[in-house]
Structures are given as structure tokens and as C-alpha cells.
Amino acid sequence: MNKQIDLFGTPSEIRSQHERAMKQLRDWDYYYYTNDEPAVDDATYDKLKSVVLALEQQYPELVSVDSASSRVGSAIDRKFKSFQHAIPMLSLDNLFNDDDLDAFLTRIQKFLGGSNVPDIWAELKIDGVSYSALYENGKFVRGLTRGDGLTGEDITENLKTITDFPQQLSGDFPNVVEVRGEIYISKSDFIKMNEHAEKFGGKIFANPRNAAAGSLRQLDPKITASRPLRAFAYTWGSVSDKNWETQSEFFDRLHEWGFQTATGATLCRGRDELLKFYNNILNTRSVLPFDIDGVVYKINDISLQQKLGFVSRSPRWAIAHKFPAERAVTHIKDIVVQVGRTGVLTPVAILEPVNVGGVLVQHATLHNADEIERKNFRIGDRVTIQRAGDVIPQVVESLEHLPDSEPYIFPTHCPVCGGDVFQKPGLVARKCINTISCPAQRVGALIHFVSRRALDIEGLGDKQIELFVELNWLTEPADIFKLIERHGAELKKMDGFGEKSVSNLNVSIESKREIELNRFIYALGIPEVGEATAKLLSNHFKTLGAIRNATEPELLEIDGIGDVMAHEIVSFFGAENNKKMLDDLLQQMNVSDVKIEDVDTSNPLFGKRVVLTGTLSEFGRDVAKSILEKMGAKISGSVSSKTDIVIAGDSAGSKLDDAKKLGITIWSGDDFKRAINE
């Protein structure tokens, strides 16, 4: 959202806020349900949806058939045949904390008019794809997706390919019964599936839920059959003869008929037992073979369910207790050290795979040796990990040293080249001393050099760089431009390559012999110099020669460059091995000087220090940065007292909070667009 949604304002302002929020939710629903590619994590979605529901509760006139209170799922895809659900497939309301649980139980007591909370059936909330399966005389006749809740997509033939899914019921079953549940992929199968796809060029999925959705909604059942789909059942839709009186009894029926159900479901009596169940599942979810994103509470007595009934799109008698966003509990299986392109040794925890914020996490950073010692991380520990936005997952804390936990001793020699490891006074980073001869640093530097935001050479990925370094074909950046001339004939004979691919790689390499100054500076991988600093240097000095000869005092005159950064830049260009590397490279390519363009100094952004946060849907971050630069703005990556304007797009985070605290001017995406137009 471009602006913070609240519960105040004129009627027209409130309606406008609601419409904008609903548009965003519809877009996110489309990506989640139709494209099988979530655009945001669950926490972001739930936060916006809760605001919209609060608006609709306070202003009932906003409620319509397409409002958040009424909508379930998303529009069906026209490529599938569709059928109407005999009974709508509704969604559940969510609760997120103890107070929400108390409110749910209080509503139940008040509605039923009793002093005691009835027994509640608690089960796992599988993070999969909902299905509905219709049986007539015990034979499976039709399968549907949830769709928009009223109409579902026909996936009959696809469901038949899933081994967990009975096509003929056993035992005592009604003449007509509709069974509903979740299709999922186990964690281990998901890892194998992606490894196979990576090896043979298939689609790589972000998480098991996406993989399950993409596999189930295939027009060709053979593709579905090739994927390791599993199925759980947990409820019913239409039924001709209901011979069970409780949720727990229905689970017994499912087993009798031949369905699989998620382990761990239990009957709870009262608030304390519910919270005990929730916390136990929260703390042990990492050992489950499948992903869950919460637990579900259902009044066990079906007669009481019928008395409680429904509100709009969800039942009164059931609710989902969601897990806290972006954190999970798992185990450290091992600790390994990665050596980066600047020689820094970074410890990484190898984890028991766990879903965090919609992504299956198997590795998480432990930051540095001091952090391991300070937080007493050990191999075998039960730990909390977190992942925020696109940040690399990190281990937050150790919850428990298990009996077989082992202390970790940080290496004194580089695990790649065997060189000594040193640590500068006052710094936490430990580095390999062999800056030139260490293969890890060479590979990392070359991978960075050809990466998308640097030279962007298509066809030279991580694996190709690693292979060519191992073959000793690449030792420095200049070798990239000699690669095809020297080794093209050999390359054509290698597995995975050929005449066409080598030709395409040659074209891609040759197209980068001319490069902009800022991209070249960034590609060099100078410590402390990212994209923003590379642009600062380019815009200030205009030529590569001027940057190479810059002194620390000259660098410190540039707003945004401090002592450490200035020292790193001067040290980099002063090192003899780097001088030779640059001279060799400049024999192969040309670096363009920055053109001095006329800028309208009267525009409202000229000379302003600007920070971008969130998503600017109409521009994209790169386009927005380019526009700001052309308007003479100074782009910064962090908010400080020197910041003039923060441009906040959708899902703006902590930078927006910092700007508010400091009283800095905040622009929405619309404000930015108006400034451009003016």
C-alpha cells in the first residue's frame, strides 16, 4: 500500500482506502491461487487482510460479494473445466496470539449460552493445496480445487495419480460423500525434486506448497503423476447419510475408508490444553516430514457446530491459530565455513529443513566466530531461525543444548586453500590471507564480476565459473574475454555445451566489451563498495582514471563515503596485483566515462538525499533509481538525520518507521509520480 490504512477519515477516504487494499489482496490472491507463486509472505498478507476486515466490520456498507469478508480463494483458471461446489469451500478466520484465542472461546461461550467451553478437536494446518473429492457408491467420480470457494477447477484425472488417494472407498460409507483435504509434498521429496530439476534443467520451486500447487494444476496428468504428491483428508462437504457425531469420529471414518490423515490431531478440553497443543506443535514442527503453518481448532460436537453456524465466508465453530511469521524452530545438523570473494570466512549452519516465511530453509548464517562464541551455538542444538524479506536466513538463538551437542571450533586455516586466517584489530571478520591464490576468492570475485548487476554476462553462471577456474581457464577477469578464443573448441565437446551454446556465450561476452563506469566499479568487487557507492564515485569523478587516482581526503568529501570505505577504495587501487589486473582488463574492454547532462535544478528532488523502501509497482526499484539519478537526487540505502525524503512503496518496512521517528518527509508512490510529472 502506498499509504498507511487506518480506521479514520471521511467516508470517501475510507472507501478509497478499502478499494486500494482490496485491489492489492486480489492481486496477491491471483499470484497465490492461480499462478501458484505467492507474491508476499503469509505475514504480510494476513496483516493487510486483518486491516481490511477491521474496516468492513466498522463500516458494514463496504461489504459486498467481492469484499474481504465474502471472498475465498481466487477466480478459476479458464484453461480448466469447472464445476460448482455442492457446499461452498469456505476459509477459516485466523488468530495469532493468546488474546485472540480468549476472544474466540468467549464468543463460543456467549453464543452457546454456557459457562464452559465445549471440547475442541485440534489438528495440524497443512501448508498445501485444498481439494474436494466426490464419491458415489464408494467410487471416486470427481475432484475439484477450492477455486473461488463456490466453483472449483476439475482435477479428477490428476487426483487419480496420487497413491495416497483412494479411488474406491472401503468399509461402511455413505452412498454419496464429498471428502476434503490437502495435497502436499514432503520436505524430503521436495528437496530431491528440486535437485533433480536443477540437474536436468527442470523448474525450481521456492517451497513445497508452490511445488504441490503447480504439480496438481496441470492439464497433462502425466506431469502430475511424475511429481511426488501426497494427500491428507480432514473434513467433508456434501453427504447423503452422516453417521458420525463428532470431528474425532469422522477421523476414524476417514481411516476406515482408506484416507491418510495428519498425525498429531487430538481432543482438547479448555484453553490451557489448546495452548499446550499449539506450543508443542510450534516447537516440534521442524521434525515433521511435511510443512504446516499453524493448527486448527474445531468444536468437536457436530450438533454444536450446526448451532453455531457460519459468518459470511467462515464457520463460527472453527478457527486457525497461525504460527508467528518468519521464525521457526529446527536443529543444527552441522556447521561449515564458506569463504567469500573478499576472503571473509562465514560460518553457516546446516539445518534440518524447515519452512520459514514460505521458503524451505536448509542453511542459515551464524555471522562470524564471535557470534558463535557469544551465543554458544553448538552442532546438534535446537535453535530458532528467522528470515525477513529477502535477507539470508539467520540463526537467532539456541533453545537447548541436546545431549549429543558438540562445541564448534572455528578454523585457524582457510578450508579452501589452507592459508592462515587473520583478524584485523577491532573487526569481527576473519579472513583468508591468500587474497590472490585462494580459489574460493578467485571464484567468488569472478562470479560477482559477471553477475546481473555487474557485467551481466548471460551463460556464465556459478557452476560454469567454478568449472572454468578448476580447469585453470579463468584466473582473472581479463581471461573471460579470451575464453572462447583459447578454449572454444574444447568447450564445444564438453557435456552441457555445444556449437549453439558456445556461440551464444561468445556473443554475450563480446557484448560486454563496452561497459558503463558505475557497473564496472561495482563489478570489481571493492570491499565496502556496493551499487550505490559505485554510482556515487562515477557521478562524482566521471572517469575511471580519476577514481583510480583519488586520495582518501578527496573521497571523504563525497556525502555517503566514510573513513573505512575511503581506505578500502584507495587500498584496492593502490595494490600492485590489482593494478596489473586492471591494466590487463582494460586491454580487453572499454569503460565509458559519465556524460555530463543538464539537469533541471528547479525540480523538487535535485540535490535531495532520498531513500527508497518497499515496492513501487508502477516503476520497479531499478527504474525508480534511474529516474532519481537523472533528477539529480542522491540515493542512500539507509535512513539518517541527513535524509531529506523517504519514498515508501507497498510493504515498506523498518526504513519507513525510522523516517517517522526522525520526522523526515515521506512520499508515497503517487507523490513520486507527481514530482516526475511536474
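Since this is a predicted model, take the numbers as computed values, not measurements.

### Concerning the overall build of the chain
Of regular secondary structure, the chain possesses 24 helices and 28 strands. Taken across its 678 residues, the chain has 46% of its residues classed as buried. Across the chain, contacts joining residues at least 24 apart in sequence account for 67% of those joining residues at least 6 apart.

### Regarding the environment of isoleucine 676
Mapped onto the secondary structure, isoleucine 676 falls in helix α24 (residues 669-677). Take isoleucine 676: its relative accessible area is 30%, and that puts it in the partly exposed class. Along the sequence, isoleucine 676 and proline 604 sit 72 residues apart, while their C-alpha atoms lie 9.1 Å from each other.

### Description of the confidence of the model for the chain
Confidence in the prediction of the chain, expressed as mean pLDDT, is 84, and 86% of residues score 70 or more. Under a pLDDT of 50 for its full length, residues 1-8 has, in the predicted model, 30 contacts with residues more than four places off or in other chains. Low pLDDT (under 50) marks residues 68-77, which in the prediction has 51 contacts with non-local residues, meaning those over four places away or in another chain.

### Notes on empty space enclosed by the protein
Evaluated as defined, the whole model comprises two cavities of 30 Å³ or more. Lining the largest cavity, in full, are Glu123, Leu124, Ile126, Phe232, Ala233, Tyr234, Phe251, Thr261 and Ala262. Sorting the residues of the lining of the largest cavity by element identifies β3 (120-126) and β8 (230-239) as the ones contributing at least two each. Residues of the lining of the largest cavity, tallied by class, amount to seven nonpolar, one polar and one charged. By volume, the second largest cavity is sized at about 40 Å³. Class assignment for the residues of the lining of the second largest cavity results in three nonpolar, two polar and three charged.

### Considerations on the sheet that holds strand β25 (residues 609-613)
If you walk across this open sheet you meet the four strands as β26-β25-β27-β28, and the pairing is parallel. What marks the edges here is a single partner per strand, and that holds for β26 (634-636) and β28 (665-667). Averaged over all pairs of adjacent strands, the angle between their axes in this sheet comes to 30 degrees, without regard to strand direction. By the bridge criterion, three bridges tie strand β27 (residues 645-648) to β28 in an arrangement that is parallel. Note that in β28 the partner of isoleucine 645 across the bridge is threonine 665.

Criteria and thresholds
- Residues numbered from 1 in each chain as written.
- Predicted model: local features only at pLDDT ≥ 70, side-chain atom pairs only at ≥ 80, totals over all residues.
- Heavy atoms only, no water.
- Helix = DSSP H or I, 4+ residues; strand = E, 2+ residues; numbered from the N terminus.
- Buried < 20%, exposed > 50% of the residue type's maximum accessible area, 1.4 Å probe, protein only.
- Contact = heavy atoms within 4.5 Å.
- pLDDT = per-residue confidence, 0-100.
- 1 Å grid on protein atoms, 1.4 Å probe; cavity = no way out; pocket = protein on both sides within 12 Å on 5 of 7 lines; lining within 4 Å.
- Points joined across faces, edges and corners; volume = space filled by probe spheres on them.
- Nonpolar A, V, L, I, M, F, W, Y, C, P; charged D, E, K, R; others polar.
- Pairing = 2+ DSSP bridges.
- Axes fitted to C-alpha atoms, helices over the stretch in contact; angles between N-to-C directions.

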